[in-house]
Amino acid sequence: MTVKTEKLIYQIRQAQKLGQSILSLAGLTDLNMVYAFATDTTLVVNCRDYGSLWQLDDAQIQLRHAITLAGLKISTIWIEKNGQLAYEF
């Protein structure tokens, strides 16, 4: 593997870990999701079902609180279903 590839894989894993830690801080560990990741400005969660979509919608305050607790500057949260944007807050 090239150094560039290794660096990219590392960055992807870090983004996934950050997304998971935000969900854990918010108490959202039982979601049926495909993936979650976070960049410097955005948290993205891709859900498999509508139940998880609604759970995230109800947990907007907890997500914002978790982001603040983690000291992050994330301002956008994208919730997806099957890779398609369902809503943004």
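Since we're looking at a predicted model, the values are computed, not measured.

Colleague: Could you give an account of the overall build of the chain, naming the residues involved and the relevant values?
Modeller: Of regular secondary structure, the chain possesses three helices and four strands. Reading the chain from its N terminus to its C terminus gives the helix and strand order α-β-β-α-α-β-β. Against the compact-globule benchmark of 12 Å for 89 residues, the chain has a radius of gyration of 13 Å, which places it among compact chains. In the chain, which comprises 89 residues, the share counted as buried stands at 34%. Within the chain, contacts between residues at least 6 apart in sequence are counted, and of these 51% link residues at least 24 apart. Of the roughly 5700 Å² that the chain leaves accessible, carbon and sulfur atoms contribute 55%. Counting 8 positive and 8 negative side-chain charges, the chain places the centres of these two groups 11 Å from one another.

Colleague: Tell me what's going on with the packing of helix H2 (residues 50-58) against helix H3 (residues 60-69), and back it up with residues and numbers.
Modeller: Orientation of H2 relative to H3, taken along the N-to-C sense of each, is 65°, at an axis distance of 4 Å. Only Gln60, Gln62 and Leu63 of H3 make contact with H2, whose side of the interface consists of Leu56, Asp57 and Asp58. For the contact of H2 with H3, a count of residues per class yields two nonpolar, two polar and two charged.

Colleague: Before we move on, could you go through the sheet that holds strand E3 (residues 76-81) and cite the residues and values that matter?
Modeller: Read from one edge of the open sheet, four strands run E1-E2-E3-E4, paired in mixed fashion. Two strands close off the open sheet at either side, each with one partner strand: strand E1 (33-38) and strand E4 (84-88). Adjacent strand axes in the sheet meet at a mean angle of 20° when their direction is disregarded. Pairing analysis gives four bridges linking E3 to E4, with the strands arranged antiparallel. Across the sheet, residue isoleucine 79 finds its bridge partner in E4, namely tyrosine 87. The sheet strands contacting helix H1 (residues 3-25) are E1 and strand E2 (42-47), and the helix crosses E1 at an angle near 105°.

Colleague: Can you lay out the side chain of threonine 42 for me, pointing to particular residues and giving the numbers?
Modeller: Relative to the assigned elements, threonine 42 resides in strand E2. For threonine 42, a relative accessible area of 13% corresponds to the buried category. A distance of 3.3 Å separates the side chain of threonine 42 from the side chain of threonine 41, its partner in a polar contact. Residue contacts for threonine 42: discarding those within four places in its chain leaves Phe37, Ile74, Thr76 and Trp78.

Colleague: Describe H3, listing the residues and the values that go with them.
Modeller: Turning to H3, its buried residues number three or more, namely Leu63, Ala66 and Ile67. Buried positions in H3, seen along its axis, are confined to an arc of 100° and lie on one side of it. Exposed residues on H3 whose side chains face more than 90 degrees from its buried face are Ile61, Thr68 and Leu69. Looking at the buried positions of H3, the neighbouring elements they touch are H1, E2, H2 and E3. Immediately beyond the C-terminal end of H3, within one or two residues, lies glycine 71, with a positive phi of roughly 75°.

About the cut-offs
Residue positions within a chain follow its written sequence, with the count starting from 1. Residue-level local features of this predicted model are given only where pLDDT is at least 70; pairs of side-chain atoms are given and counted only at 80 or more, and the full residue set underlies all totals for whole chains, interfaces and linings. Excluded from the side-chain calculations are hydrogens and water; all other atoms, namely the structure's heavy atoms, are used. What counts as a helix is a DSSP run of H or I of at least four residues, what counts as a strand is a run of E of at least two, and both are numbered from the N terminus. We take the radius of gyration over the C-alpha atoms and set the globule estimate at 2.2 Å times the residue count to the 0.38 power. Only protein chains enter the area calculation, which uses a 1.4 Å probe; residues under 20% of their type maximum are buried, those over 50% are exposed, and those in between are partly exposed. A contact between two residues is defined here by any heavy atoms of the two lying within 4.5 Å. Working definition of accessibility: Shrake-Rupley area with a 1.4 Å probe, residue cover restricted to the visible protein chains. Neither His nor the chain ends is counted toward charge; the positive residues are Lys and Arg and the negative residues Asp and Glu. Working definition for charges: the position is that of NZ of Lys, CZ of Arg, CG of Asp or CD of Glu. Lines fitted to the C-alpha atoms define the axes, with helices restricted to the stretch that makes contact. Angles between their N-to-C directions range from 0 to 180 degrees. Ten residues, namely Ala, Val, Leu, Ile, Met, Phe, Trp, Tyr, Cys and Pro, are considered nonpolar, four, namely Asp, Glu, Lys and Arg, are considered charged, and the remaining ones, Gly among them, are considered polar. Strand pairing is assigned whenever DSSP identifies at least 2 bridges connecting the two strands. In the analysis that follows, any N or O atom pair within 3.5 Å is treated as a polar contact, provided that within protein one partner can donate a hydrogen and the other can accept it, and provided that, for residues neighboring in sequence, both atoms belong to side chains. This arc is taken over the directions from the axis of the helix to the C-beta atoms.

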